[in-house]
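Survey of secondary and tertiary structure
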Amino acid sequence: MTTESFNDYTAHDGVAPDRWASALHLFDNGAGVPHEETVLERWERAQLLFGAKDYIGAARLLTDVVEEAPEQTGPRLLLARAYYHSAQLSRAEEQLRRIIDRDPVEHYAHLMLGRTLERQGRRDEAAPWLRMAAAFAGELPGED
């Protein structure tokens, strides 16, 4: 192989996000020592998968993250978003209701819950959640 042909090589779609996140920690414990992924590493990898629109893969990782750190809103909210984008709407609704129960002023959870209920065809049930989200955002009725 000549230098010219090597430099002309183009990658095919780059490295998958989950493999890239794993590669970042490949030698953390030294060569040949198995690395057990931490909750933080799974959270980081889940964010990469979500960003790459692999919502089902992100949801799998986030389920474990939420189980290990149930008090954290960020992972649970991203899990709800992953469920929403992968059309697992009842699971998204369940996570969003848990967030709102714990943090009633989490405005994005209100908005997402409203959108999730709308997507399920439950518009009447969605309306109060959407109004609450609008109020949290400072949008008053009749402002268009």
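Only a predicted model underlies this, so the values are computations on that prediction, with no experimental measurement involved.

Moving on, we get to unusual backbone geometry. Of note, Lys53 is a non-glycine position whose phi angle comes to about 65°, a positive value. With respect to the helices and strands, Lys53 occurs in the loop between helix H3 (39-51) and helix H4 (55-68). Unlike most non-glycine residues, Ala87 shows phi in positive territory, near 60°. With respect to the element layout, Ala87 can be found in the loop between helix H5 (73-85) and helix H6 (89-102).

The next subject is the side chain of His110. Along the polypeptide, His110 turns up in helix H7 (residues 107-119). Under the relative-accessibility criterion, His110 is labelled buried at 3%. Leaving out residues up to four positions away in the same chain, His110 has contacts with Ile100, Pro104, Trp129, Met132, Ala133 and Phe136.

For the structure shown, the criterion picks out nine salt bridges. Measuring nitrogen to oxygen at the nearest pair gives 2.9 Å for the salt bridge that ties Arg45 to Glu37. According to the relative accessible area criterion, Arg45 is buried, its value standing at 15%. By relative accessible area, which is 23% here, Glu37 ends up partly exposed. Residue Arg42 is joined to Glu68 by a salt bridge in which the shortest nitrogen-to-oxygen separation is 2.3 Å. Within this pair, whereas Arg42 is found in helix H3, its partner Glu68 is found in helix H4, the two being separated by 26 residues in sequence. Among the residues examined, Glu68 registers a relative accessible area of 48% and is labelled partly exposed.

Now for the packing of aromatic side chains. This structure, assessed with the given rule, holds one aromatic pair. Taking the centre distance of 5.0 Å and the plane angle of 65° together, the rings of Phe50 and Tyr55 count as edge-to-face. Each member of the pair, Phe50 together with Tyr55, is buried. Above the face of the Tyr84 ring, Arg119 is positioned so that its terminal group lies 4.7 Å from the ring centre.

Along the chain, Ala134 falls in helix H8 (residues 123-136). Note: C-alpha distance between Ala134 and Tyr108 (26 residues apart in sequence) is 9.8 Å.

Here we take up the confidence of the model for the protein. For the protein, per-residue confidence averages 84 on the pLDDT scale, and residues scoring 70 or more make up 72% of the total. Taking the mean pLDDT of every element in the protein, the minimum, 52, falls on helix H1 (residues 3-8) and the maximum, 98, on H6.

Criteria and thresholds
The residue count restarts for each chain, going from 1 along the sequence in the order it is written. Residue-level local features of this predicted model are given only where pLDDT is at least 70; pairs of side-chain atoms are given and counted only at 80 or more, and the full residue set underlies all totals for whole chains, interfaces and linings. Water and hydrogen atoms play no part in the side-chain values, which are based on all heavy atoms of the structure. Counting from the N terminus, the helices are DSSP H or I runs at least four residues long and the strands are E runs at least two residues long. Relative accessibility under 20% of the residue-type maximum defines a buried residue, over 50% an exposed one, and the middle range a partly exposed one, all with a 1.4 Å probe and only protein chains included. In this description, contact between two residues means that some pair of their heavy atoms is separated by no more than 4.5 Å. By definition, a salt bridge exists where a carboxyl oxygen of Asp or Glu is found within 4 Å of a side-chain nitrogen of Lys or Arg. Two rings from Phe, Tyr or Trp (for Trp, the six-membered ring) form a pair when their centres sit within 6.5 Å of each other. Planes less than 30 degrees apart are called stacked, planes more than 60 degrees apart edge-to-face, and all others tilted. Any Lys NZ or Arg CZ that is within 6 Å of a ring centre and within 35 degrees of that ring's normal is treated as a charge sitting over the ring. As a per-residue quantity, pLDDT reports the predictor's confidence and falls between 0 and 100.

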